[in-house]
Amino acid sequence: MVSYAVDQAEGLRRMLERPKPRLFTFLSVLPAVDKQAMLFNLGASLREVASHVLLLDTSSGANGFYNKLLRPRMATLLDVARQERTLDDVIQSLPQGIGLALLSRQDQPEALRQHAARIAAVFDSLAAQADIVMFNGVLNADDTFPIAAMESGEIVIQVSTSSTSIKSAYILLKRLSDKLGRRRFSLLLTGGSEQEGQMVYANIAQAASRYMAIELDLLGAVPADEHLARAAGQGRTVIDAFPLASASLAFKRIAGHFLAPAGAYGIPSVGIQLGV
């Protein structure tokens, strides 16, 4: 078996030839199925504004989002870091037009810590091939990320209109702020209109600014839309199956925001009290 070794000269050449990819780490306070649908549809929408979109699933273990989609012998980043597989076997192309990679197939926190430096090098090589990297993010038990690069990009929290979701998002922001310090975060609302998104955003943003001195951006809102479920039943994304549906138009608007710098949208002055 061919072992993997990081070629520093080749890596430097690639870095000089192309701009660094935009990194987005997605966390969610919603059920896993809602997060999976959001990432698939958003990833497909991003293909309209970026040539190469990579979705990296860090939710290791048997319940990982994308395990059922993977080739049986598809390599993971951990496999390559252990020099058991080659980098060529890591990325799988999905029908949605995006690339999928997996951190590990099983929950192996000790192995991930032991090989952290090599995993970071493997990730750098993968990221050099992408314009946008979307992390299906999870937090370790100590509120750190499985891959250090996940905290260097933009961190997006998926939330809904329910009061439970809003409070959970605030608690998650508090955990992240305690670990990462003062920085910007973004919210993405699913299951609600743009107006509802602004209200939810205002609720969380005002409390986060007051109690944690952090600022939030609103990435956008995706309304509840029956076309999402109909497209999923066909194994397709909503923008592919129903390009004029309200959810499709919302995902396209959000994809356009990925081209704007972080912090471009500010905190609205309207909203009601969060109650936390």
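The structure displayed is predicted, hence computed values, not measured ones.

Another point: the confidence of the model for the protein chain. Averaged over every residue, the pLDDT of the protein chain is 84; residues scoring 70 or more account for 82%. Overall, residues 1–8 carries pLDDT values under 50, and its contacts beyond four positions in sequence, including any with other chains, amount to 15 contacts. When the criterion is pLDDT under 50, residues 265–276 qualifies, and its contacts beyond four places in sequence or with other chains add up to 35 contacts.

At a minimum axis separation of 10 Å, helix α6 (residues 163–180) and helix α7 (residues 194–212) run at an interaxial angle of 35 degrees. Taken as a pair, α6 and α7 cross one another with a handedness that is right-handed. Facing Ile 166, Ala 169, Tyr 170, Leu 173, Lys 174 and Ser 177 of α6, the residues of α7 in contact are Val 200, Asn 203, Ile 204, Ala 207, Ala 208, Tyr 211 and Met 212. Partitioned by chemical class, the residues of the contact of α6 with α7 number ten nonpolar, two polar and one charged.

Let us now look at the sheet that holds strand β6 (residues 154–159). Picture the strands of a sheet paired through backbone hydrogen bonds; they go either parallel or antiparallel. Across the sheet, eight strands lie side by side as β3-β4-β2-β5-β1-β6-β7-β8; this open sheet has mixed pairing. Every interior strand has two partners, whereas the edge strands, β3 (92–93) and β8 (216–222), have only one. Judged from the five bridges that link them, strand β1 (residues 22–28) and strand β5 (residues 132–136) form a sheet pairing that is parallel. Paired with Phe 24 across the bridge in β5 is Met 134. Its contacts with the sheet place α6 against β1, β6, β7 (185–190) and β8, and it is angled at close to 160 degrees to β6.

What follows is about the packing of aromatic side chains. Overall, the coordinates contain one aromatic pair when judged by the stated rule. Measuring from ring centre to ring centre gives 5.3 Å for Phe 123 and Phe 135, while their planes differ by 35 degrees; the resulting arrangement is tilted. Highlighted residues: Phe 123 in helix α5 (residues 116–127) and Phe 135 in strand β5, separated in sequence by twelve residues. Judged on exposure class, the residue Phe 123 and its partner Phe 135 are both buried. In this arrangement the basic side chain of Arg 183 is found over the ring face of Phe 185, its NZ or CZ atom lying 5.4 Å from the centre.

A few words on the nonpolar core. With 50 residues, the main nonpolar core has Leu 77, Phe 123, Ile 147, Ile 204 and Leu 216 as its most contacted residues. No other element matches α7, which puts seven residues into this core. For Phe 123, the residues in contact, after removing those within four places along its chain, are Leu 23, Leu 56, Leu 77, Val 133, Phe 135 and Ala 149.

Cut-offs used in this document
- Residues numbered from 1 in each chain as written.
- Predicted model: local features only at pLDDT ≥ 70, side-chain atom pairs only at ≥ 80, totals over all residues.
- Heavy atoms only, no water.
- pLDDT = per-residue confidence, 0-100.
- Contact = heavy atoms within 4.5 Å.
- Axes fitted to C-alpha atoms, helices over the stretch in contact; angles between N-to-C directions.
- Helix = DSSP H or I, 4+ residues; strand = E, 2+ residues; numbered from the N terminus.
- Left-handed = near helix turned anticlockwise from the far one by under 90°.
- Nonpolar A, V, L, I, M, F, W, Y, C, P; charged D, E, K, R; others polar.
- Pairing = 2+ DSSP bridges.
- Phe/Tyr/Trp six-rings, centres within 6.5 Å; stacked < 30°, edge-to-face > 60°.
- Buried < 20%, exposed > 50% of the residue type's maximum accessible area, 1.4 Å probe, protein only.
- Lys NZ or Arg CZ within 6 Å of the ring centre and 35° of its normal.
- Core = buried A, V, L, I, M, F, W, Y, C linked by side-chain atoms within 4.5 Å.

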